[in-house]
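Now for the letters of each chain:
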Amino acid sequence: MSTIVSSLFISLDGVVEIDPAWHFPYFDANMGAAVGEDYEGVDVMLLGRVTYDSFAGAWPEREAAGGEDATFAAQLGDTRKIVATRGTQDLGWRSVERVEGDLVEAVTALKEQPGIGKILVAGSVSIVRQLLAAGLIDELRLLVHPVAARKGERLFDEGEPIYPLHLLRSDVFPTGVVRLIYAPAALPAAKDYEDVTDKVPGAGTD
């Protein structure tokens, strides 16, 4: 069964709706390497329509221009892309198809397809939320910028249940960006205040 990886740029206050004003000042070689690692070995990219349109509106032109980012642009173009969209118009890029039917059912079936090892959800917060709720995200990779965006769409909405996570890896970049990689987990054993009174400051020093 394949692994579903979510890759997101995020502010300290949880905003994942990227504003160039607070994103690009922190983008350095370390972040570029982290993004490259996220895209390494990807068999399928799963995208929401808004994210797809931003990709398709930029990367084909960058590939054609032949600049420093043309190699990555070509990689994106060649990768199989599946887009969650209600529209029927031409998606206008190569190696692209639509999600057929219910998203969760389609992704569950996709995970079981032979030959697919890694599925990347790039951005696409609405898809990430649905897959988190369905228990289908295997890794949540966050590049946390040292800034409070104060406006914009946030990753986590209000609701039930809570999402316990296990930290697999953390890296701190010179810009102050922190890379955090989480996997779903179970909560530790149930406790209340009476179970932790011996851990509060000053406990046991009488």
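Below, the structure is looked at part by part. All figures in this text were calculated on a predicted structure; none of them were measured in a lab. Position numbers for residues count from 1 along each chain, tracking the sequence in the order it is written. Reporting of local features is limited, given that this is a predicted model, to residues whose pLDDT is at least 70; pairs of side-chain atoms are given and counted only at 80 or more, and all residues count toward the totals for whole chains, interfaces and linings. In computing side-chain properties, one takes all heavy atoms of the structure into account and sets aside hydrogens as well as water.

Broken down by element type, the chain carries seven helices and eight strands. Here the C-alpha coordinates of the chain stretch approximately 70 × 40 × 30 Å along the principal axes. Buried residues are those whose accessible area, probed at 1.4 Å on protein chains only, stays under 20% of the maximum for their type, while exposed residues exceed 50% and partly exposed ones sit between those limits. Within the chain, buried positions represent 37% of all 206 residues. Computed by Shrake-Rupley with a 1.4 Å probe, the accessible areas treat only the displayed protein chains as cover when residues are assessed. Summed over all atoms, the accessible surface of the chain reaches about 11700 Å², with 53% contributed by carbon and sulfur. Seen as two clouds, the 18 positive and the 32 negative side-chain charges of the chain have centres 3 Å apart. To qualify as a helix, a DSSP run of H or I must reach at least 4 residues; to qualify as a strand, a run of E must reach at least 2; elements of each kind are numbered from the N terminus. Charged-residue counts in this description rest on Lys and Arg as positive and Asp and Glu as negative, His and the chain ends being excluded. A charged residue contributes its charge at one atom only: NZ of Lys, CZ of Arg, CG of Asp or CD of Glu.

Sheets are built from strands paired through backbone hydrogen bonds, the pairs being either parallel or antiparallel. Should DSSP find at least two bridges between two strands, the strands are regarded as paired. The eight strands are arranged β4-β3-β2-β5-β1-β6-β8-β7 in an open sheet whose pairing can be described as mixed. The strands lining the two open edges of the sheet, one partner per strand, are β4 (96-98) and β7 (165-172). The sheet shows a mean angle of 25 degrees between the axes of neighbouring strands, direction not considered. Axis lines are fitted to C-alpha atoms, over the contacting stretch for helices. Their N-to-C directions set the angle, which ranges from 0 to 180 degrees.

Moving on, we get to the environment of Thr-175. Its place among the elements puts Thr-175 in the loop between β7 and β8 (178-184). The sequence separation of Thr-175 and Asp-28 amounts to 147 residues, and the corresponding C-alpha distance is 7.8 Å. Contacts of Thr-175, omitting those with residues within four sequence positions, involve Tyr-26, Asp-28 and Pro-146. There is a polar contact of 3.4 Å between the side chain of Thr-175 and the backbone nitrogen of Val-177. Contacts were defined at the residue level, with two residues in contact if any of their heavy atoms lie within 4.5 Å. We define a polar contact as two N or O atoms separated by no more than 3.5 Å, with the added condition that, inside protein, one atom must be a possible hydrogen donor and the other a possible acceptor, whereas residues neighbouring each other in sequence contribute only through side-chain atom pairs.

Let us now look at the packing of aromatic side chains. Any two rings among Phe, Tyr and Trp, with Trp reduced to its six-membered ring, count as a pair given centres within 6.5 Å; such a pair is stacked if its planes are under 30 degrees apart, edge-to-face if over 60, and tilted if neither. This structure, assessed with the given rule, holds five aromatic pairs. Where Phe-9 meets Phe-27, the ring centres are 6.5 Å apart and the plane angle is 70 degrees; that geometry is what we call edge-to-face. Highlighted residues: Phe-9 in strand β1 (residues 3-11) and Phe-27 in the loop between α1 (20-23) and α2 (29-39), separated in sequence by 18 residues. With relative accessibility at 23%, the residue Phe-9 sits in the partly exposed group. Classification of Phe-27 as partly exposed rests on a relative accessible area of 38%. Taken together through their ring pairs, the aromatic side chains of Tyr-39, Trp-59 and Phe-72 make up a single cluster. Geometrically, a charge over a ring is one whose NZ (Lys) or CZ (Arg) sits within 6 Å of the ring centre while staying within 35 degrees of the ring normal. For Arg-62, the ring lying beneath its charged end belongs to Trp-59, and the centroid distance is 4.6 Å.

Now for the pattern of salt bridges. Whenever a carboxyl oxygen of Asp or Glu lies within 4 Å of a side-chain nitrogen of Lys or Arg, that contact is scored as a salt bridge. A complete count under the given rule lists 14 salt bridges for this structure. Among the salt bridges present, the one from Arg-169 reaches Glu-37, with a minimum N-O distance of 2.9 Å. One end of the pair, Arg-169, is in strand β7; the other, Glu-37, is in helix α2, and 132 residues separate them in sequence. Judged by its relative accessible area of 35%, Arg-169 falls in the partly exposed class. Taking the relative accessible area as the measure of exposure, Glu-37 reaches 27% and is therefore partly exposed. The closest approach of N and O atoms between Arg-141 and Glu-139, which form a salt bridge, is 2.8 Å. Its relative accessible area of 11% is what places Arg-141 among the buried residues. Within this structure, Glu-37, Asp-38, Glu-139, Arg-141, Arg-169, Asp-171 and Arg-179 form a network of salt bridges that share partners.

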